[in-house]
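Single-letter residue listing:
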Amino acid sequence: MSSSFRIFDIAGSAMSAQSVRLSTVASNLANADAVGSDPNSVFKAHLPMFKSAPEIAGQQTPGVRVTGVVENQAAPEKRFEPGNPMADGEGYVYAPNVNVVEQMVDMISASRSYQNSVEVMNTAKELALKTLSLGS
Amino acid sequence: MADLDPVFGLHAQSLAVQRQRMEVLAANIANADTPHYQARDIDFSKVLAQAQGQQQAAAGGSLGLAAPSSGQAAGAAASATPETMPALSYRVPLQTSIDGNTVDEQVEQSAYADAAMHYQASLSFLSGQIKGLMTAITGQ
């Protein structure tokens, strides 16, 4: 028989996964304007990969884990800025392939999911405490 | 402990089933952003019906909620043991999503609140029974 504290594990795994997602969004936004002269070395947007945590034998309630952070392989944005000191021989600079609007949406989604998990944990905690004080 | 079963009735087992349901729903909410994750739920009335069927087959005793003996639920994987997951089944999605995830956060949240409320109701009943027993024991 599994304990009611399994809910804490599940909600906790979701909170850490969402916080990784928030960190990557923060990193992407921070580097959104870091232009460079070489299209290969310019910053690429990072994406966390989520997966249900492996199911332990007999337990069918998986948490979530981050299997890795991958780079978005889309081509960087090419801008003609001959006055920029980072410009290459033809006057172009390369901006990271970070879509700021996409990142903001991702941030809101991650924040909401995090809040959901906090609520789940709060409810589970209240019920566990009530169960402990049963009959008093 | 067996002697107290008639006093507590099905609420003791109901607590266990509701807790398992909350676990499943918590997993759904945790995997709301996981691609290809399919939401699941425990049907409480199905568990009750199974328990009643077993009771009738056994012919006797008070009504209890026992976990089903075989994995008749659609979602029960091969690793499912009878004690861990009664009547687990996949949720039918209201809207399909492009990444194959079938979690609807609003549905899961309301289901979680529902399970928590039922859990609390069973707790209240149990608490009342214990208070009654204490009154009978102390005689005041």
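Every residue gets a number counted from 1 within its own chain, in the order that chain's sequence is written. Lettering of chains starts at A and numbering of ligands starts at 1, both following the order in which they are written. Thresholds applied to this predicted model are a pLDDT of at least 70 for local features of residues and 80 or more for the giving and counting of side-chain atom pairs; totals over whole chains, interfaces and linings are not thresholded and use all residues. Excluding hydrogens and water, the side-chain figures rest on all heavy atoms present in the structure.

Turning to the overall build of chain B, a few remarks are in order. For helices the rule is a DSSP run of H or I covering at least 4 residues; for strands it is a run of E covering at least 2, with both sets numbered from the N terminus onward. Across its full length, chain B carries four helices and two strands. Counted from the first residue to the last, chain B has its helices and strands arranged as α-α-β-α-β-α. Relative accessibility thresholds used throughout: buried, under 20% of the residue-type maximum; exposed, over 50%; partly exposed, between the two (1.4 Å probe, protein chains only). For chain B, buried positions account for 38% of its 140 residues. Should any heavy atoms of two residues lie within 4.5 Å, those residues are considered in contact. For chain B, contacts bridging at least 24 residues in sequence account for 64% of all contacts bridging at least 6. For the accessible areas, the method is Shrake-Rupley and the probe is 1.4 Å, while residue cover comes only from the protein chains on display. Element-wise, carbon and sulfur atoms account for 59% of the exposed surface of chain B, whose accessible area totals about 7,300 Å².

For Phe, Tyr and Trp, rings pair up if their centres lie within 6.5 Å, where Trp contributes its six-membered ring, and each pair is then called stacked (planes under 30 degrees apart), edge-to-face (over 60) or tilted (otherwise). Counted according to the given criterion, the structure contains one aromatic pair over all chains. Think of it as a cone above the ring: NZ of Lys or CZ of Arg counts as a charge over the ring if it is within 6 Å of the ring centre and within 35 degrees of the ring normal. For the cation-ring pair, K78(A) lies above Y92(A), with the distance from its terminal atom to the ring centre recorded as 4.4 Å.

On to helix α2 (residues 11-30) of chain B. For a helix, the expected span equals 1.5 Å multiplied by the number of residues minus one. For α2(B), which comprises 20 residues, the first-to-last C-alpha distance of 28 Å matches the rise-based estimate of 28 Å (1.5 Å per residue) to within 8%. The element α2(B) is extensively covered by neighbouring structure, given that 16 of its 20 residues are classed as buried.

All right, on to the environment of A17(A) then. All names here are of chain A. Position of A17 among the secondary structure elements: in helix α1 (residues 6-30). What makes A17 buried here is its relative accessible area of 2%. Considering only alpha carbons, one finds A17 and P48, 31 residues apart in sequence, at a separation of 8.6 Å. Those residues within four positions of A17 in sequence are excluded, and the remaining contacts are F50, V64 and V66.

The next point concerns the packing of α1(A) against α2(B). Note on method: axes are straight lines fitted to C-alpha atoms, helices fitted across the in-contact stretch only, with angles between N-to-C directions ranging 0 to 180 degrees. One can describe the packing of α1(A) onto α2(B) by two numbers: an axis separation of 9 Å at closest approach and a directional angle of 5°. By the angle between their directions, the pair α1(A) and α2(B) is classed as roughly parallel. For the pair formed by α1(A) and α2(B), the contact residues are R6(A), I7(A), I10(A) and A14(A) on the first element and M22(B), E23(B), A26(B), A27(B) and A30(B) on the second. Split into classes, the residues belonging to the contact of α1(A) with α2(B) amount to seven nonpolar, no polar and two charged. Roughly parallel covers angles under 35 degrees, roughly antiparallel covers those over 145, roughly perpendicular covers 65 to 115, and oblique covers all other angles. Polar here means any residue outside two lists: the nonpolar Ala, Val, Leu, Ile, Met, Phe, Trp, Tyr, Cys and Pro, and the charged Asp, Glu, Lys and Arg; Gly therefore counts as polar.

Further remarks concern the nonpolar core. Residues belong to one nonpolar core when they are buried, are Ala, Val, Leu, Ile, Met, Phe, Trp, Tyr or Cys, and are joined through side-chain atoms within 4.5 Å. Counting residues in hydrophobic clusters, the biggest one holds 30 residues, and the most contacted among them are I7(A), V120(A), M22(B), A26(B) and Y112(B). Contributing elements (two or more residues each) for this core: α1 and α2 (100-132) of chain A together with α2 and α4 (105-138) of chain B. Looking at which element gives the most residues to this core, the answer is α4(B), with eight residues. Setting aside chain neighbours within four positions, we find V120(A) in contact with I7(A), A11(A), A26(B), I29(B) and Y112(B). Ranked by size, the runner-up nonpolar core spans six residues in total, among them V17(B), V47(B), A87(B) and L88(B).

By salt bridge we mean one thing: a side-chain nitrogen of Lys or Arg within 4 Å of a carboxyl oxygen of Asp or Glu. Inspection of the entire model under this criterion finds eight salt bridges over all chains. With its nearest N and O atoms 3.5 Å apart, the salt bridge here joins R79(A) to E77(A). Overall, the relative accessible area of 43% leaves E77(A) in the partly exposed class. Where E23(B) meets R19(B), a salt bridge forms, and the shortest distance between an N and an O atom there is 3.1 Å. Linking E23(B) with R19(B), this pair stays in helix α2, spanning four residues, or about one helical turn. Judged by its relative accessible area of 2%, E23(B) falls in the buried class. Each of the salt bridges in this network shares a partner with another, and the network as a whole consists of R21(B), D41(B), R91(B), E108(B) and D114(B).

All names here are of chain B. Positive phi, normally seen in glycine, also occurs at H36, with a value near 65°. Note on placement: H36 falls in the loop between α2 and β1 (40-42). Take H36: its relative accessible area is 64%, and that puts it in the exposed class.

Attention now goes to the environment of Q18(B). Residue and element names in this part refer to chain B. Summarising the element assignment, Q18 is placed in helix α2. Between the C-alpha atom of Q18 and that of H118, which follows or precedes it by 100 residues, the distance is 7.1 Å. When near neighbours in sequence (up to four residues on either side) are disregarded, Q18 contacts F44, A115, H118 and Y119.

Let us look at the confidence of the model for chain B. Residues and elements named next belong to chain B. The pLDDT score gives, residue by residue, the confidence of the prediction method on a 0 to 100 scale. Scored by pLDDT, chain B comes out at a mean of 78, with 74% of its residues at no less than 70. α4 holds the highest mean pLDDT among the elements of chain B, 92, whereas helix α3 (residues 44-58) holds the lowest, 75. Long-range and interchain partners of residues 68-84, a stretch whose pLDDT sits below 50, account for 31 contacts in this model, where long-range means more than four residues apart.

What follows covers the environment of N28(A). Residues and elements named next belong to chain A. The topology assignment puts N28 in helix α1. By relative accessible area, N28 is classed as buried at 0%. Separated by 68 residues in sequence, N28 and P96 place their C-alpha atoms 8.9 Å apart. Setting aside chain neighbours within four positions, we find N28 in contact with F43, A45, H46, V98 and Q103. Among the polar contacts made by the side chain of N28, one reaches the main-chain amide nitrogen of H46 at a distance of 2.9 Å. In protein, a polar contact means a hydrogen-donor-capable atom and an acceptor-capable atom, both N or O and within 3.5 Å, with residues adjacent in sequence counting only if both atoms are side-chain atoms; elsewhere, any N or O pair within 3.5 Å suffices.

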